[in-house]
Amino acid sequence: MNIDRKTILNPELAYSMWGKQIGTNRFRTFSFKFFNNLLGLNTRVSNFVQNHSRNCQFCNLLNPAQANDKTFIHLFMQCTVTAAWHNKFVSKFFTGLDLQNDTERRKFFFFGILLGEQASTQLISTTVQSWMFCIWEEKLRKRAPSFHTLSTLFLENLKPMIITSNKLYLASFKSNSAIYRYFAPCPAMQQPHDVPLGAL
Ligand SMILES: [Zn+2]
């Protein structure tokens, strides 16, 4: 894995999902490419395609004054658009998770490792990869949606993976993270939220 040469993380900690038969082919292909640095980012494509923009599409759409190269680390972590989505993602779905620095953010968003943990679980890594997948899909659609729209797409993507896996469904019951209350069978266990479950 070559996510970022500056990473201090041991690649062995990453929970590889592409062989775990979870999610759609499209999702598993994304995970494989994500962890093997094979995603078609603008900076790489521009080496092969004449006049292909190197700039970050989210920046172009929402912060046109900024002209950042769309590297992996920019698109998935450092982009101001992505960073704002990440902050809202944590406060809505992992309430109370206080990521203090860049290392803690990378451990969580890239590897699905919660604070104080040494490794990820399949449940958390699937959840975080699903979030990254939805960001990538919006990049492919050339959109920069609101957090509300993005989080709705995320829940729609994640829900079938959780509820069709006995292992993940059981693990989600034991988790204290707010995200899994969206999939609880009993309405009393669900948090008030702005995404109608009937739409999922
Ligand atoms: Zn950007």
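Residues numbered from 1 in each chain as written. Predicted model: local features only at pLDDT ≥ 70, side-chain atom pairs only at ≥ 80, totals over all residues.

**Some details on the overall build of the protein**
The test is simple: In DSSP terms, a helix is any run of H or I states spanning at least four residues, a strand is any run of E spanning at least two, and both are numbered starting from the N terminus. Exposure in this text rests on C-beta crowding, where 20 or more other C-beta atoms within 10 Å of a residue's own make it buried, 12 or fewer make it exposed, and counts in between make it partly exposed. The C-beta atoms are placed from the backbone. Note on contacts: each residue gets a C-beta atom placed from the backbone, and two residues are in contact if those atoms are within 7 Å.
Each helix and strand in the protein was counted, giving nine helices and zero strands. Tracing the protein from N to C terminus, the helices and strands come up as α-α-α-α-α-α-α-α-α. Buried residues in the protein amount to 33% of all 200 residues. Counted over contacts in the protein with a minimum sequence separation of 6, partners at least 24 positions apart contribute 52%.

**Considerations on the confidence of the model for the protein**
What counts, and what does not: On a range of 0 to 100, pLDDT expresses the predictor's confidence in each residue.
Scored by pLDDT, the protein comes out at a mean of 81, with 74% of its residues at no less than 70. Low confidence marks residues 1–13, where pLDDT is under 50. Its contacts with residues over four positions away, or in another chain, come to 19 contacts. Here residues 188–196 scores under 50 on pLDDT; set against residues more than four positions off or in separate chains, the count is twelve contacts.

**Some thoughts on helix α5 (residues 80–93)**
To be explicit about the condition: Expected span of a helix: the number of residues minus one, times 1.5 Å. Think of it as the arc spanned by the lines of direction from the helix axis to the C-beta atoms.
An ideal rise of 1.5 Å per residue puts 20 Å on 14 residues; α5 measures up with 20 Å between its terminal C-alpha atoms. Residues Thr 82, Trp 85, His 86, Phe 89 and Phe 93 constitute the buried set of α5. Seen along its axis, α5 keeps its buried residues to an arc of 105 degrees; they face one direction. Contact partners of the buried residues in α5: α3 (57–62), α4 (72–78), α6 (102–111), α7 (122–140) and α8 (147–163).

**Concerning the nonpolar core**
Selection rule: In these notes, a nonpolar core means any group of buried Ala, Val, Leu, Ile, Met, Phe, Trp, Tyr and Cys residues linked to one another through C-beta atoms within 7 Å.
Phe 109, Val 128, Trp 131, Met 132, Cys 134, Ile 135 and Phe 154 are the most contacted members of the largest nonpolar core, which has 41 residues in total. Element by element, the count of residues in this core is highest for α7, at eight residues.

**Let's talk about α7**
An ideal rise of 1.5 Å per residue puts 27 Å on 19 residues; α7 measures up with 26 Å between its terminal C-alpha atoms. Most of α7 sits inside the fold, with 14 of its 19 residues counted as buried. Of the residues flanking the end of α7, it is Lys 142, one or two places downstream, whose phi is positive at about 60 degrees.

**Re the packing of α7 against α8**
Heads up, the condition is: Note on geometry: axes are C-alpha line fits, over the in-contact stretch for helices, and angles between N-to-C directions span 0 to 180 degrees. Reported orientations rely on four angle classes, namely roughly parallel under 35 degrees, roughly antiparallel over 145, roughly perpendicular from 65 to 115, and oblique for the rest. Crossings are classed by handedness, with left-handed meaning an anticlockwise turn of the near helix from the far one by less than a right angle and right-handed meaning a clockwise turn. Gly is put with the polar residues, along with every residue not named as nonpolar or charged; the nonpolar set is Ala, Val, Leu, Ile, Met, Phe, Trp, Tyr, Cys and Pro, and the charged set is Asp, Glu, Lys and Arg.
Where α7 contacts α8, the two axes come as close as 9 Å, and the packing angle between them is 130 degrees. Between α7 and α8, the crossing angle belongs to the class labelled oblique. α8 is crossed by α7, and the crossing has right-handed handedness. Between α7 and α8, the residues in contact are Thr 126, Thr 127, Ser 130, Trp 131, Phe 133, Cys 134 and Glu 138 and Leu 150, Leu 153, Phe 154, Asn 157, Leu 158 and Met 161, respectively. Among the residues forming the contact of α7 with α8, the class breakdown is eight nonpolar, four polar and one charged.

**As for unusual backbone geometry**
We note that Asn 37 has phi near 55 degrees; this positive angle belongs to a residue other than glycine. As for its placement among the helices and strands, Asn 37 is situated in the loop between α1 (25–35) and α2 (42–45).

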